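What follows is each chain in one-letter form.
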Amino acid sequence: MSSLNANSSRKETLEHPSSGKNQTLGYSIFFHVLSQHKSLTRRDRETLQFLQGAPRRVRKGEIIKSESCNNNSLLAIQDGWACSYRLTNEGERQIIDLYLPGDIVGLRGYHKNGNSDKVVMLTEGLVTPALESKIDKAIEENPRLMHAFLATAMYQSDVMADRLNNLITHDAPTRIAYFILEVQARLNLTKASTKNVHLPLSQKVVGELLGMTNVHVCRCLYHLESLGLISREKENREIKILSHEGLIDLSGFNNSHAYSNLPVHKGDTH
């Protein structure tokens, strides 16, 4: 399972601005995520460490956000995959968005006093909450953090807009090719590039997200394999990209602007 857990054991001694004393702070998932989209300082890291709550292990199938669950908090996904969804008039689930390790859940519905989207875990995972009231206070005192949250929300909007364009302009095999590249780009946001994409999702979930049946998803994956673009290891749900250029040519994936890293904090900058 893709995870940011490797970073969670790291400690850093920082100086609290109000105490003037050194104290040891643990890993901050919110700093890790936000600093990919806006340059942040060590003091910002300290602030984000103090506003976040304790990480909580969650089960596959557990609803982690709804009108009655964590409605006043943002959730950072440190480990695991989740999706937001709505129910159609016929009572069927319609997946709206996909959340990967390193995503923040709840930015779109921030301060809406109840969001019609529910968010459910697609795998086991680890999530860390942060109360909106604490975030409000932090960004009032620090415009840099406000810009970081805004930049992260804009990034998520770009991802959704690009995926929507993929759905309305491409045929089924192209949608799958595009989706593979999207997942790879998002997983590689904080890592070196890899040609292996771990996809712990059922073909039914992929189909719901891309407007296809699970049978069609299966056929499209076989088609991409027959073209020599990918190979699959079904036991561990790994997709290996054999021809990155071929997938790009097929899908028209050209939205690198949405996944470009920004510099992280600079040493002792305050």
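Residues numbered from 1 in each chain as written. Predicted model: local features only at pLDDT ≥ 70, side-chain atom pairs only at ≥ 80, totals over all residues. Heavy atoms only, no water.

Peer 1: Hey, could you run me through the sheet that holds strand β10 (residues 125-131) in this one?
Peer 2: If you walk across this open sheet you meet the 4 strands as β3-β10-β5-β8, and the pairing is antiparallel. The open sheet has two free edges, formed respectively by β3 (56-58) and β8 (104-105), since each of these has just one partner strand. Pairing of strand β5 (residues 73-79) with β8 involves 2 bridges; the strand directions are antiparallel. For Leu75, the partnering residue across the bridge sits in β8 and is Val105. The strands that helix α3 (residues 132-141) touches are β5 and β10; relative to β10, the one it contacts most, it runs at about 60°. (Pairing = 2+ DSSP bridges. Helix = DSSP H or I, 4+ residues; strand = E, 2+ residues; numbered from the N terminus. Contact = heavy atoms within 4.5 Å. Axes fitted to C-alpha atoms, helices over the stretch in contact; angles between N-to-C directions.)

Peer 1: Hey, could you run me through the packing of aromatic side chains in this one?
Peer 2: Any pair of aromatic rings gets described here by the distance separating the centres and the angle formed by the planes. Counted by the stated rule, this structure contains 1 aromatic pair. With a centroid separation of 5.0 Å and 65° between ring planes, the pair formed by Tyr178 and Phe253 is classed as edge-to-face. Taken together, the positions of Tyr178 in helix α5 (residues 172-187) and Phe253 in the segment after α8 (244-251) put the pair 75 residues apart, joining distant regions of the chain. By relative accessible area, Phe253 is classed as buried at 13%. (Phe/Tyr/Trp six-rings, centres within 6.5 Å; stacked < 30°, edge-to-face > 60°. Buried < 20%, exposed > 50% of the residue type's maximum accessible area, 1.4 Å probe, protein only.)

Peer 1: Help me out: how do you make sense of the pairing of strand β13 (residues 238-241) in this one?
Peer 2: Consecutive side chains along a regular strand alternate between the two faces of the sheet. Residues of β13 alternate between two faces, with Ile239 and Ile241 buried on one and Glu238 and Lys240 left unburied on the opposite face. As judged from the 3 bridges shared by strand β11 (residues 196-198) and β13, these two strands associate in the antiparallel manner. Note on β13: the bridge partner recorded for His198 is Glu238. Strand direction decides the pairing type here: strand β12 (residues 230-233) and β13, joined by 4 bridges, are antiparallel. Residue pairing across strands places Ile230 opposite Ile241, the latter belonging to β13. What sits between β12 and β13 in their antiparallel hairpin is a turn of 4 residues, with Arg237 showing a positive phi close to 55°.

Peer 1: What is the right way to look at the packing of α5 against helix α6 (residues 203-210) in this model?
Peer 2: Pairs of packed helices are described in terms of their axes, by the angle between the two and the distance that separates them. Where α5 contacts α6, the two axes come as close as 11 Å, and the packing angle between them is 105°. Comparing their axes, α6 and α5 come out roughly perpendicular. Of α6, the residues touching α5 (which contributes Arg175, Ile176 and Phe179) are Val206, Leu209 and Leu210. Grouping the amino acids of the contact of α5 with α6 by side-chain chemistry returns 5 nonpolar, no polar and 1 charged. (Parallel < 35°, antiparallel > 145°, perpendicular 65-115°, else oblique. Nonpolar A, V, L, I, M, F, W, Y, C, P; charged D, E, K, R; others polar.)

Peer 1: How do you make sense of the sheet that holds β11 when you look at a structure like this?
Peer 2: Strands belonging to one sheet form pairs held by backbone hydrogen bonds; the direction of such a pair is parallel or antiparallel. Here 3 strands make up an open sheet; going across it, the order is β11-β13-β12 and the pairing antiparallel. Every other strand in the sheet has two partners, leaving β11 and β12 as the edge strands with one partner each. Put simply, the sheet's adjacent strands are angled 25° from each other on average, direction ignored. Relative to β11, α5 is tilted by about 90°, and along the sheet it contacts β11, β12 and β13.

Peer 1: When you look at the packing of α3 against helix α4 (residues 143-169) in this model, what are you seeing that I'm missing?
Peer 2: Put simply, α3 and α4 touch, their axes get as near as 5 Å, and they point 120° apart. What the angle tells us is that α3 and α4 run oblique. Packed against α3, whose contacting residues are Ile135, Ala138, Ile139 and Glu141, the element α4 presents Pro143, Leu145, Met146 and Phe149 at the interface. When its residues are assigned to classes, the contact of α3 with α4 shows 7 nonpolar, no polar and 1 charged.

Peer 1: Can you walk me through the pairing of β5 in this structure?
Peer 2: Taking burial as the measure, the 7 residues of β5 include 7 buried ones, the bulk of the element. Note: β5 against β10, 6 bridges, orientation antiparallel. Residue pairing for β10: Leu75 is matched across the bridge by Pro129.

Peer 1: What is the right way to look at the side chain of Ser251 in this model?
Peer 2: Within the secondary structure, Ser251 sits in helix α8. The class of Ser251 is buried, set by a relative accessible area of 1%. Side-chain polar atoms of Ser251 contact the backbone oxygen of Leu247, separated by 2.7 Å. Looking at Ser251, its side chain comes within polar contact range of the main-chain nitrogen of Phe253, at 3.2 Å. (Polar contact = N/O pair within 3.5 Å; in protein donor to acceptor, adjacent residues only side chain to side chain.)

Peer 1: Just to check I follow, could you spell out the pattern of salt bridges for this structure?
Peer 2: Pairs can form between side chains of opposite charge whenever their charged atoms are close. Here the structure, examined in full by the defined rule, presents 14 salt bridges. Of the charged contacts, one joins Arg86 and Asp117 as a salt bridge, the two residues approaching to 2.3 Å between their closest N and O atoms. Of the two residues, Arg86 is situated in strand β6 (residues 82-87) and Asp117 in the loop between β8 and β9 (118-121); the sequence distance between them amounts to 31 residues. Looking at Arg86, the relative accessible area reads 38%, which means it is partly exposed. (Salt bridge = Lys/Arg side-chain N within 4 Å of Asp/Glu carboxyl O.)

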